Amino acid sequence: MVWWEQAGGHGWPMKRGTACPCGWQHSAASPRATQVLQLREHVFWTCTGASAIRRAIQHNLPVSVQLLSRHVWLLKQRCQTVRKEMWYVVCLAALTAMLRARGLMLSTPSRTGVEPAVVGTRAVDLLLAALKDFAACQGGVSSFSDLGQSHPFVCARPNGSLAVLLQLPP
Ligand SMILES: [Zn+2]
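In this report, we go over the structure that sits alongside the text. Bear in mind the structure is a predicted one, so any value in this text is a computation, not a measurement.

1. Here's the deal with the overall build of the protein chain
Okay, step 1: Each helix and strand counted, the protein chain has six helices and two strands in total.
Okay, step 2: Shown N-terminal to C-terminal, the secondary structure of the protein chain runs as helices and strands in the order α-α-α-α-α-α-β-β.
Okay, step 3: Counted over contacts in the protein chain with a minimum sequence separation of 6, partners at least 24 positions apart contribute 54%.

2. Comments concerning the environment of proline 170
Okay, step 1: Within the secondary structure, proline 170 sits in the segment after strand S2 (162–165).
Okay, step 2: Look at proline 170 and you get exposed, because 3 C-beta atoms sit within 10 Å.
Okay, step 3: When the C-alpha atoms of proline 170 and alanine 56 are compared, they prove to be 9.5 Å apart, with 114 residues separating the residues in sequence.

3. Describing helix H3 (residues 48–59)
Okay, step 1: Between the first and last C-alpha of H3 there are 17 Å, a value that for twelve residues agrees with the 16 Å anticipated at 1.5 Å per step.
Okay, step 2: Inspection of H3 places Thr48, Gly49, Ala50, Ala52, Ile53, Arg54, Ala56 and Ile57 among the buried residues, and these make up the whole buried set.

4. Some remarks on the pairing of S2
Okay, step 1: Pairing of strand S1 (residues 153–156) with S2, which is carried by four bridges, proceeds in the antiparallel orientation. Bridge pairing in S2 places alanine 156 opposite leucine 162.
Okay, step 2: What sits between S1 and S2 in their antiparallel hairpin is a turn of five residues, with glycine 160 showing a positive phi close to 100°.

5. Here's the deal with the packing of H3 against helix H5 (residues 84–107)
Okay, step 1: Packing of H3 against H5 leaves a shortest axis separation of 8 Å and a crossing angle of 150°. Taken as axis vectors, H3 and H5 run roughly antiparallel relative to one another. The way H3 lies across H5 gives a crossing that is right-handed. Where H3 approaches H5, its residues Gly49, Ala50, Ile53 and Ile57 are matched on the opposing element by Val90, Ala94, Ala97, Met98, Ala101, Arg102 and Met105.
Okay, step 2: For the contact of H3 with H5, the per-class residue count stands at nine nonpolar, one polar and one charged.

Rules behind the numbers
- Residues numbered from 1 in each chain as written.
- Predicted model: local features only at pLDDT ≥ 70, side-chain atom pairs only at ≥ 80, totals over all residues.
- Helix = DSSP H or I, 4+ residues; strand = E, 2+ residues; numbered from the N terminus.
- Contact = placed C-beta atoms within 7 Å.
- Buried ≥ 20, exposed ≤ 12 C-beta atoms within 10 Å, placed from the backbone.
- Expected span 1.5 Å × (residues − 1).
- Pairing = 2+ DSSP bridges.
- Axes fitted to C-alpha atoms, helices over the stretch in contact; angles between N-to-C directions.
- Parallel < 35°, antiparallel > 145°, perpendicular 65-115°, else oblique.
- Left-handed = near helix turned anticlockwise from the far one by under 90°.
- Nonpolar A, V, L, I, M, F, W, Y, C, P; charged D, E, K, R; others polar.

Now the structure itself:
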């Protein structure tokens, strides 16, 4: 995926010896290019906000399906219960929310005071907001109006408009 390959220059190289607000730190012994990759993987998969988002996505997939990073990063449809185009929407919403969740952590005045549960909740709120934004942008009658009323993540209302249907994990 082009975005992933080009995202190496995302502008977040951390200073040596610094850590993510969640406590994660790249390997100090790794070359700089590797550290950038480690940071990108962390932000989009293992950081507090990203972890909460992928748990929320996993919760809406069949139990037999294990969500892996490549399914989100490369927009690879993981199961037939989610329409391919909707999976793209979910992945892009997730990646956007993961990035914004990290921004929230970095903008917190006292980074040491960030509670993981709060960041996780805010991150899932960002995912919900991105999905709601997509549904709202589709207008009164969407081209996805045949999704059905129980399609995970985004479903169709009887009137043809879309609604977010995201079950949250306990
Ligand atoms: Zn982190």
